[in-house]
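The lines below spell out each chain.
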Amino acid sequence: MSLVARNEYVVRAIRPDDWERVKELRLDALRDPVAHLAFLETYENAAAKPDSFWQDRAVASGEGSATARQFIAETGDGTWAGSVTVLVEEAGTKDWAGYAVERRQGHVVGVFVRPEHRGNGLIEALFEAGVAWAWERAAERVRLFVHEDNTRAQAAYRKIGFVPSGLVVSFSKDEAETEWEFVLERPA
């Protein structure tokens, strides 16, 4: 992680009362030029959700949740520069694509860094917090899925240490496209 990220940002878990800012950041992420590759929902669908949805989301992935945790990077002036969410997937369950989850793992979703905060180590700082949280919950590995055409994200994930596992799934928005699973194994 670069020194820039350490000095200019505070990375922390969201709190339930952050729900309005959770909504704002998500809507901004869904307006990103590669949002159609990176996120399963659209801006229009997310913007139409009631406040109760965002309130529930902030509780379900905020401080105190044992099954999901959203981390944000906050600048000195209070701006939210980026976010990463980690879900805990239990061995013996099925994942979102219907595949069997073979071992306890973290699943990274909702990765977004505002364009003006990219390229300075912030993504590494967010992932450091998210992965550490997964390890604290006894995850054996952390994974994520990335669209075959999202080369910017693939490069960032590789830099952090994630590697393709070989699992390829159909992209839920277009069966002719694929997403690749990238994994980070728990250090021995």
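First, a word on what this report is: a plain description of the structure on this page. Keep in mind it's a predicted model, so treat the numbers as computed, not measured.

**Describing the nonpolar core**
Val108, Phe127, Leu144, Tyr157 and Phe162 are the most contacted members of the largest nonpolar core, which totals 29 residues. Sorting the residues of this core by element identifies strand E1 (9-13), strand E2 (68-75), strand E3 (80-89), strand E4 (105-113), helix H6 (122-136), strand E5 (141-147), helix H7 (151-160) and strand E7 (174-185) as the ones contributing at least two each. Setting aside chain neighbours within four positions, we find Val108 in contact with Val84, Thr85, Val86, Phe127, Val142, Arg143 and Leu144. If you look at the next biggest cluster of nonpolar residues, it comprises 15 residues, including Leu30, Trp54, Ala58 and Phe112.

**Looking at the packing of helix H2 (residues 19-29) against helix H5 (residues 51-60)**
Packing of H2 against H5 leaves a shortest axis separation of 8 Å and a crossing angle of 105°. With respect to H5, the element H2 is oriented roughly perpendicular. Residues Trp19, Val22, Lys23 and Arg26 of H2 form the contact with H5, whose participating residues are Asp51, Trp54, Gln55, Arg57 and Ala58. Across the contact of H2 with H5, the residue classes break down as four nonpolar, one polar and four charged.

**Here's the deal with the sheet that holds E5**
Hydrogen bonds between backbone groups are what pair the strands of a sheet, and the pairing can be parallel or antiparallel. The sheet built from seven strands is open, its strands ordered E1-E2-E3-E4-E5-E7-E6 with mixed pairing. In this open sheet, the two edge strands, each paired with only one partner strand, are E1 and strand E6 (163-171). This sheet shows a mean twist of 25° between the axes of neighbouring strands, independent of strand direction. Bridge analysis of E6 against E7 gives six bridges, and the strand direction is antiparallel. Its bridge partner being in E7, Val169 is matched across the sheet by Glu179.

What counts, and at which threshold
- Residues numbered from 1 in each chain as written.
- Predicted model: local features only at pLDDT ≥ 70, side-chain atom pairs only at ≥ 80, totals over all residues.
- Heavy atoms only, no water.
- Core = buried A, V, L, I, M, F, W, Y, C linked by side-chain atoms within 4.5 Å.
- Buried < 20%, exposed > 50% of the residue type's maximum accessible area, 1.4 Å probe, protein only.
- Helix = DSSP H or I, 4+ residues; strand = E, 2+ residues; numbered from the N terminus.
- Contact = heavy atoms within 4.5 Å.
- Axes fitted to C-alpha atoms, helices over the stretch in contact; angles between N-to-C directions.
- Parallel < 35°, antiparallel > 145°, perpendicular 65-115°, else oblique.
- Nonpolar A, V, L, I, M, F, W, Y, C, P; charged D, E, K, R; others polar.
- Pairing = 2+ DSSP bridges.

Note that every value here comes from positions in space, so none of it alone points to a role or purpose.
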